[in-house]
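Chains, contacts and geometry: an overview
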Amino acid sequence: MTLILDGKLVSKQIREEVAEDVQLLIKQGVTPKLTVVLVGDDAASQIYVKSKERACAKAGIISETIKYPSDVLKQNVIDKIKELNNDNSVHGILVQLPLPEGFNESEIIELIAPEKDVDGFHPINSGRLTSGINDDYFVPATPAGIIEILKRYKIEIPGKHVVIVGRSSIVGKPAGMLFLRHGNEGDATVTFCHSKTKNLPDITKTADILVAATGKPKLITADMVKPGVVVIDVGINRIPSKYSEKGYKIVGDVDFDEVSKLASAITPVPGGIGPMTIAMLLKNTLRAVTVFGKKE
Ligand code: NAD
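Conventions adopted
- Along each chain, residues carry numbers from 1 onward, in the same order as the chain's sequence is written.
- Local features in this predicted model are restricted to residues whose pLDDT is 70 or higher, and side-chain atom pairs enter the listing and the counts only when it is 80 or higher, whereas totals over whole chains, interfaces and linings include all residues.
- Heavy atoms throughout the structure, all of them, feed into the side-chain values; hydrogens and water do not.
- Near, as used in this document, describes a residue that has one of its heavy atoms within 4 Å of the molecule or strand being considered.
- Under the rule applied, a polar contact is a pair of N or O atoms within 3.5 Å (in protein, one hydrogen donor and one hydrogen acceptor; residues adjacent in sequence only if both atoms are side-chain atoms).
- Under the convention used here, a 1.4 Å probe and the Shrake-Rupley method define accessible areas, while residue burial counts only the protein chains that appear.
- Each helix corresponds to a stretch of at least 4 residues labelled H or I by DSSP, and each strand to a stretch of at least 2 residues labelled E; elements are numbered beginning at the N terminus.
- Ten residues, namely Ala, Val, Leu, Ile, Met, Phe, Trp, Tyr, Cys and Pro, are considered nonpolar, four, namely Asp, Glu, Lys and Arg, are considered charged, and the remaining ones, Gly among them, are considered polar.
- Only buried Ala, Val, Leu, Ile, Met, Phe, Trp, Tyr and Cys residues count toward a nonpolar core, and they belong to the same one when joined by side-chain atoms within 4.5 Å.
- Think of it in three bands: with a 1.4 Å probe and only protein chains considered, a residue is buried below 20% of the maximum accessible area for its type, exposed above 50%, and partly exposed in between.
- Domain delimitation follows an automatic or database domain assignment.
- Contact between two residues is taken to exist if any of their heavy atoms lie within 4.5 Å; hydrogens are not considered.
- To obtain the arc, one takes the directions from the helix axis to the C-beta atoms.
- When DSSP finds at least two bridges between two strands, those strands are taken to pair.
- A crossover gets the label right-handed when its path from the first strand over the helix to the second runs clockwise, viewed with the strands pointing away from the viewer.
- Centres within 6.5 Å are what make two rings of Phe, Tyr or Trp a pair, Trp counting through its six-membered ring; a difference in plane orientation under 30 degrees is then read as stacked, over 60 as edge-to-face, and the rest as tilted.
- Charges are assigned to positions over rings by a cutoff of 6 Å between ring centre and Lys NZ or Arg CZ, combined with an angular limit of 35 degrees from the ring normal.

Let's talk about the site of the ligand
Close to the ligand lie 21 residues, the nearest being Arg-167, Ser-168, Ser-195, Ile-236 and Thr-277. Ser-195 places a main-chain nitrogen or oxygen 3.0 Å from an oxygen atom of the ligand. In isolation the ligand offers 860 Å² of accessible surface; the protein chains occlude 73% of this area. By residue number, the principal contributor to the shell around the ligand is helix α10 (residues 273-290), which donates three residues. Taken together, the residues of the shell around the ligand break down into eight nonpolar, 11 polar and two charged.

Re the nonpolar core
It is characteristic of soluble globular proteins that their nonpolar side chains tend to be buried jointly. Counting residues in hydrophobic clusters, the biggest one holds 55 residues, and the most contacted among them are Ile-146, Leu-150, Phe-179, Val-211 and Ile-232. Of the domains in this structure, domain 1 (31-115) and domain 2 (141-273) are the two that each give at least three residues to this core. With near-sequence residues (within four places) excluded, Phe-179 lies in contact with Ile-146, Ile-147, Leu-150, Ile-157, Val-162, Ile-164, Gly-186, Asp-187, Ala-188, Val-190, Ile-209 and Val-211.

Overview of helix α5 (residues 123-131)
Where α5 is concerned, the buried positions are Asn-125, Arg-128 and Leu-129. Here the buried residues of α5 occupy an arc of 95 degrees about the axis, which is enough to place them on one side. Close packing links the buried residues of α5 with α7 (172-180). Note on α5: the residue one or two positions beyond its end, Gly-132, has a positive phi of about 85 degrees.

Quick word on the pairing of strand β6 (residues 189-193)
Bridge analysis of strand β5 (residues 161-165) against β6 gives five bridges, and the strand direction is parallel. In the strand pairing of β6, Val-162 is matched with Val-190. In the classification by handedness, the crossover that spans β5, the intervening α7 and the parallel β6 is right-handed.

Things to note about the packing of aromatic side chains
Tallied over the entire structure, the rule returns one aromatic pair. Here the aromatic rings of Tyr-137 and Phe-138 are separated by 5.9 Å at their centres, their planes lie at 85 degrees, and the arrangement is edge-to-face. Accessibility assignment for this pair places Tyr-137 and Phe-138 in one class, buried. Residue placement shows Arg-128 over the ring face of Tyr-137; its charged tip is 3.6 Å from the ring centre. Lying over the aromatic face of Tyr-248, Arg-238 brings its terminal NZ or CZ to 4.2 Å of the ring centre.

Take it as geometry only, folks, not as evidence of what the structure does.
Written as structure tokens, this is what we have:
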């Protein structure tokens, strides 16, 4: 029987745990606050930001979204981030990506104070993760969600061969760094694959744990995995569907129907890593308060 790694269920548990901790903080006089900066009108970003707002509200975290049109002056966004860095009532700052054309994302991310960088994308925080120095400062939410769901389902990581398909700095790379860390939640042997990798199936077939983060619908097919593999599907892809009212449906990077017949465990899409990401963002926001500042 294939174990379905239920991200909805696990993320609900995590969100309840966060909500309890938030209540303790509120009793101590501090209400955690997350500020999201949203530039432009990217449809997917609007949906993600709404679900972040809803999750914050349920957990008792104050959330604020500062919206700008796509033609806003870059300087206005820069000034706002600097203002938020100095605002003691704001514990976490997140700039929703992608930013519209004309913005240099790295330049904007680098402006966020590292102790408020709840996405963990600031080079100081990604450097911490890679160097192993203070490597749990802020870990990006999606990779953190991958490790957390494996942990909650008691799936062993040490000694396993983890193959990660995708090398983005948001998912693939930091996920690999987490699997490499010393200790029970790491100690894996990690192989990275990407769009220039030759003979991808030969490599994916050697995976004990396969992480797909490519944005290519159903890239991973049954002939690319070995029986018993644990599959983590990070992809969120819209494909046309005449059966859906919206005209599209969401699928992952893995051909779920076929691969799940061989896998020992697999995350579904939707309902896998997506909800885990939001739950881990809430955890990071809580951490921004408990570790870095209770000032209000
Ligand atoms: P990205 O576009 O930045 O990176 C994609 C990576 O996949 C690249 O490293 C590229 O080399 C690799 N790739 C592309 N085609 C490939 C191929 N044919 N063979 C092997 N490798 C290939 O994307 P990203 O930001 O890492 O996101 C990846 C996917 O995960 C997207 O579908 C995105 O929507 C989704 N995502 C989901 C969550 C979540 O919360 N579940 C969070 C972030 C991203």
